[in-house]
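One-letter residues, chain by chain:
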Amino acid sequence: MVAPHEASPALLSTEAGVRLPSLDALRAFDAAARLGTFERAAETLHITAGAVGKRIASLEELLGVALFQRGGKALLLSAAGREYLGSVRSALELLAAVPLHQRAAQQRPRLRLCAPPTFARQVLVPALPGFAAEQPGVELEIVLSAPFIDPGGSDAELDVRHAAATADDPAVLMHDVLLPLASPALLAEAGPLAEPADMARLPLLRTPIEPWATWFEAVGLGWPEPDRGPRLVDLGLTLEAALQGQGVVLARPSLAREALRSGRLLPVLGLGRTPWVAARWAYQLQSPLPAEGLAASGASWLRRACAQAATEGLALISGPA
């Protein structure tokens, strides 16, 4: 199930203008109050302690009051929290008593994964059958984030972000490379390209997410960043524009596997002869990294899916062994 990322996970708007808290936020509050720690609440809800904290923080922001006393080691309800808890538990009991809510489908554990759109389409979707085979009783919900528009974290159990990272960062999911790709039609129109400087004959697609400067520097070109043509703030849009022959895309093979495999995009200087560079930004899991439970199992599947995407991408641009 792929859904847009909500503006705030802790509230819903009604026609009357009253903002209601989400059920997930109320359940997090109830579990934390009942069990005494975010960690134990997380185990019960099959999410991370960080996600519990975010849901409760959003709920407190909505209500305008602190539900727990801050500063002590023990998790203690505030006066407002104790008063609110009674109403919350009554509401949850009423909802639990609804017959439709007692169906087996409602009892399935759910894992929520938030990721950028192109990563979700090109890496996650092909790997979904593997997740279903490993976790047949788990509902995986994929929520899309919006890089450059929504840089903050979500309340998802697994949150993938595109950000600067070091090579030994345990949060990094895959170490990508970048190289220029173009459609066969555009390359045929430009004529033979023997060296990187020959790309001056081709339009270069531009995006702030993947600037050309790193590749230019690596191949010895002193060119400035392209300043003509549309500025596409989405990696999927740059791939689509390249597929339509509109220009050369500086692409990650892991995200362009389908186009490379079908021959709809080609390395501009030929297979195995087009230089590539290590990407400075990486797809990575936001901290804290899950250590156990359903989120940890999901993270393990995610890492394997990323490793496969990166390996396949490199094989597709390397040429015959």
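Novice: Describe in detail the pattern of salt bridges, supporting the description with residues and values.
Specialist: Scanning the entire structure with this criterion turns up 14 salt bridges. Two residues, Glu141 and Arg112, come together in a salt bridge whose shortest N-O distance is 3.3 Å. Within this pair, whereas Glu141 is found in strand β7 (residues 139-144), its partner Arg112 is found in strand β6 (residues 110-115), the two being separated by 29 residues in sequence. Just as Glu141 is buried, Arg112 falls in that class too. Between Arg252 and Asp176 there is a salt bridge, with its nearest N and O atoms 2.9 Å apart. Taken together, the residues span a long stretch of sequence, with Arg252 in the loop between β11 (249-251) and α9 (257-262) and Asp176 in the loop between β9 (172-174) and β10 (177-182) at a distance of 76 residues.

Novice: Break down the nonpolar core for me, with residues and values.
Specialist: Among the nonpolar cores identified, the biggest contains 46 residues, and Leu113, Phe119, Leu124, Val160 and Leu302 are the most heavily contacted of them. Examining the composition of this core, we find that ten residues originate from one element, helix α10 (residues 293-318), more than from any other. Residues in contact with Leu302, not counting those within four places in the same chain, are Leu113, Phe119, Leu124, Val160, Leu173 and Leu285. Ranked by size, the runner-up nonpolar core spans 21 residues in total, among them Leu26, Ile47, Val52 and Tyr84.

Novice: Before we move on, could you go through the pairing of strand β14 (residues 281-285) and cite the residues and values that matter?
Specialist: Judged by how many residues are buried, β14 sits mostly within the fold: four of five residues are covered. Pairing between strand β8 (residues 158-164) and β14: five bridges, direction antiparallel. Bridge pairing links Arg161 to Gln284 in β14.

Novice: Account for the confidence of the model for the protein chain, naming residues and giving values.
Specialist: Averaged over every residue, the pLDDT of the protein chain is 87; the share at 70 or more is 88%. Summarising per-element confidence for the protein chain, the mean pLDDT is lowest in strand β1 (residues 2-4) (42) and highest in β11 (98). For the stretch residues 1-15, pLDDT sits under 50, and the model shows 39 contacts to residues farther than four places along the chain or on other chains.

Novice: For the packing of helix α1 (residues 23-35) against helix α3 (residues 49-63), give the residues involved together with the corresponding values.
Specialist: At a minimum axis separation of 8 Å, α1 and α3 run at an interaxial angle of 110°. Judged on the interaxial angle alone, α3 and α1 are roughly perpendicular. Of α3, the residues touching α1 (which contributes Asp24, Ala25, Leu26, Ala28, Phe29 and Ala32) are Val52, Arg55, Ile56 and Leu59.

Novice: Quick one: what's the story with the environment of Gly130, residue by residue and with numbers?
Specialist: In this structure, Gly130 sits in helix α5 (residues 117-134). For the pair Gly130 and Arg304, spaced 174 residues apart in sequence, the C-alpha to C-alpha distance is 9.9 Å.

Novice: Hey, could you go over helix α4 (residues 79-96) for me, with residue numbers and the actual values?
Specialist: A turn of α-helix holds 3.6 residues, and therefore any two residues three or four places apart point the same way. Between its first and last C-alpha, α4 extends 26 Å over 18 residues, near the 26 Å set by a 1.5 Å rise per residue. For α4, the complete set of buried residues consists of Gly81, Tyr84, Leu85, Val88 and Leu92. Elements in contact with the buried residues of α4: β3 (19-21), α1, α3 and β5 (76-77).

Novice: Would you mind going over the pairing of β8 in detail, with residue names and values included?
Specialist: Counted residue by residue, β8 has five buried out of seven residues, so it is predominantly covered. Pairing analysis gives two bridges linking β6 to β8, with the strands arranged parallel. When the sheet's bridge partners are listed, Leu113 is paired in β8 with Leu158.

Novice: So what about α5? Which residues, and what values?
Specialist: For α5, built from 18 residues, the straight-helix expectation of 26 Å at 1.5 Å per residue is met to within 8% by its first-to-last C-alpha distance of 24 Å. Residue Leu128 marks the point of greatest curvature in α5, where the axis turns by about 45°; the proline Pro129 follows within four residues.

Novice: Please give an account of the packing of aromatic side chains that cites residues and values.
Specialist: Per the counting criterion, the structure on display carries nine aromatic pairs. Pairing Phe119 with Tyr283 gives two aromatic rings, centres 4.7 Å apart and planes at 40°, and the pair type is tilted. Placement of the pair is Phe119 in helix α5 and Tyr283 in strand β14, with a sequence separation of 164 residues. A relative accessible area of 2% places Tyr283 in the buried class. Ring geometry for Trp212 and Phe216: centres 5.6 Å apart, planes at 20°, overall stacked. Considered together, Trp212 and Phe216 belong to a single accessibility category, that of buried residues. Through a chain of ring-to-ring contacts, the aromatic side chains of Phe29, Phe38, Phe68 and Tyr84 assemble into a single cluster.

Novice: Tell me what's going on with the side chain of Glu157, and back it up with residues and numbers.
Specialist: Assignment of secondary structure puts Glu157 in the loop between β7 and β8. Judged by relative accessible area, Glu157 falls into the buried class, the value being 6%. Within the local environment of Glu157, its side chain forms a polar contact with the side chain of Arg55, the two groups lying 3.0 Å apart. When residues no more than four places from it in sequence are discounted, the contact partners of Glu157 are His46, Ile47, Thr48, Arg55, Arg110, Leu111, Arg112 and Ala295.

Criteria and cut-off values
Residues numbered from 1 in each chain as written. Predicted model: local features only at pLDDT ≥ 70, side-chain atom pairs only at ≥ 80, totals over all residues. Heavy atoms only, no water. Salt bridge = Lys/Arg side-chain N within 4 Å of Asp/Glu carboxyl O. Helix = DSSP H or I, 4+ residues; strand = E, 2+ residues; numbered from the N terminus. Buried < 20%, exposed > 50% of the residue type's maximum accessible area, 1.4 Å probe, protein only. Core = buried A, V, L, I, M, F, W, Y, C linked by side-chain atoms within 4.5 Å. Contact = heavy atoms within 4.5 Å. Pairing = 2+ DSSP bridges. pLDDT = per-residue confidence, 0-100. Axes fitted to C-alpha atoms, helices over the stretch in contact; angles between N-to-C directions. Parallel < 35°, antiparallel > 145°, perpendicular 65-115°, else oblique. Expected span 1.5 Å × (residues − 1). Bend = angle between axes of the 7 residues up to and from the residue. Phe/Tyr/Trp six-rings, centres within 6.5 Å; stacked < 30°, edge-to-face > 60°. Polar contact = N/O pair within 3.5 Å; in protein donor to acceptor, adjacent residues only side chain to side chain.

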